[in-house]
Amino acid sequence: MKLLRSDDVPVVIPDESPVVWSVETSPDRAHPAYSGQVGRWWRLTLYRLPGGDYVLHECRCSNWQHEADRYAVHRFPDLAAVRRYLVATWPQHVPDFGLTLEVVDTWA
């Protein structure tokens, strides 16, 4: 399966890589998952690779004229690394991620 990237060639991951978590906001103010920006929204999809690593595909979508959708792909060794990235980049989705995949903070 090909995952698009805005500034590079697509990343190809095995077709059997399951989606383990996803979230999508909405550009519509009346929608409960409103993104906070009219005409813009995002979609995050997390895949588990056969070897155990995780790949997060980001799409920052836009309905605005002359503004293209932007795509990024990130690879992580485990769910804790994914969570650290979400805390830094997409903090509003950390609670859903943690509850869905039962990822918790570990304080050593």
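Residues numbered from 1 in each chain as written. Predicted model: local features only at pLDDT ≥ 70, side-chain atom pairs only at ≥ 80, totals over all residues. Heavy atoms only, no water.

**Focus on unusual backbone geometry**
- Even without a glycine there, the phi angle at His66 is positive, about 65 degrees.
- Along the chain, the position of His66 falls in the loop between β5 (54-62) and β6 (70-76). (Helix = DSSP H or I, 4+ residues; strand = E, 2+ residues; numbered from the N terminus.)

**A word on helix α2 (residues 94-101)**
- Considered for burial, the residues of α2 that qualify are Val94, Phe97, Gly98 and Leu101. Seen end-on, α2 carries its buried residues on one side only, within an arc spanning 95 degrees. Looking at α2, the residues exposed on the side facing more than 90 degrees away from the buried face are Pro95 and Leu99.
- In the core, the buried residues of α2 are packed alongside β3 (19-24), β4 (40-48) and α1 (79-89).
- Looking one or two residues past α2, Glu102 carries a phi angle of roughly 55 degrees, positive in sign. (Buried < 20%, exposed > 50% of the residue type's maximum accessible area, 1.4 Å probe, protein only. Arc of directions from axis to C-beta. Contact = heavy atoms within 4.5 Å.)

**Comments concerning the packing of aromatic side chains**
- Considering all chains together, one arrives at three aromatic pairs under this definition.
- Judged by centre distance (5.2 Å) and plane angle (45 degrees), the rings of Trp42 and Trp90 are tilted. Remark: Trp90 occurs in the loop between α1 and α2 and Trp42 occurs in strand β4; sequence separation between them is 48 residues. Comparing Trp42 with Trp90 shows no difference in burial state: the two are buried.
- Taking the centre distance of 5.5 Å and the plane angle of 50 degrees together, the rings of Phe76 and Tyr85 count as tilted.
- For the cation-ring pair, Arg40 lies above Trp64, with the distance from its terminal atom to the ring centre recorded as 4.6 Å. (Phe/Tyr/Trp six-rings, centres within 6.5 Å; stacked < 30°, edge-to-face > 60°. Lys NZ or Arg CZ within 6 Å of the ring centre and 35° of its normal.)

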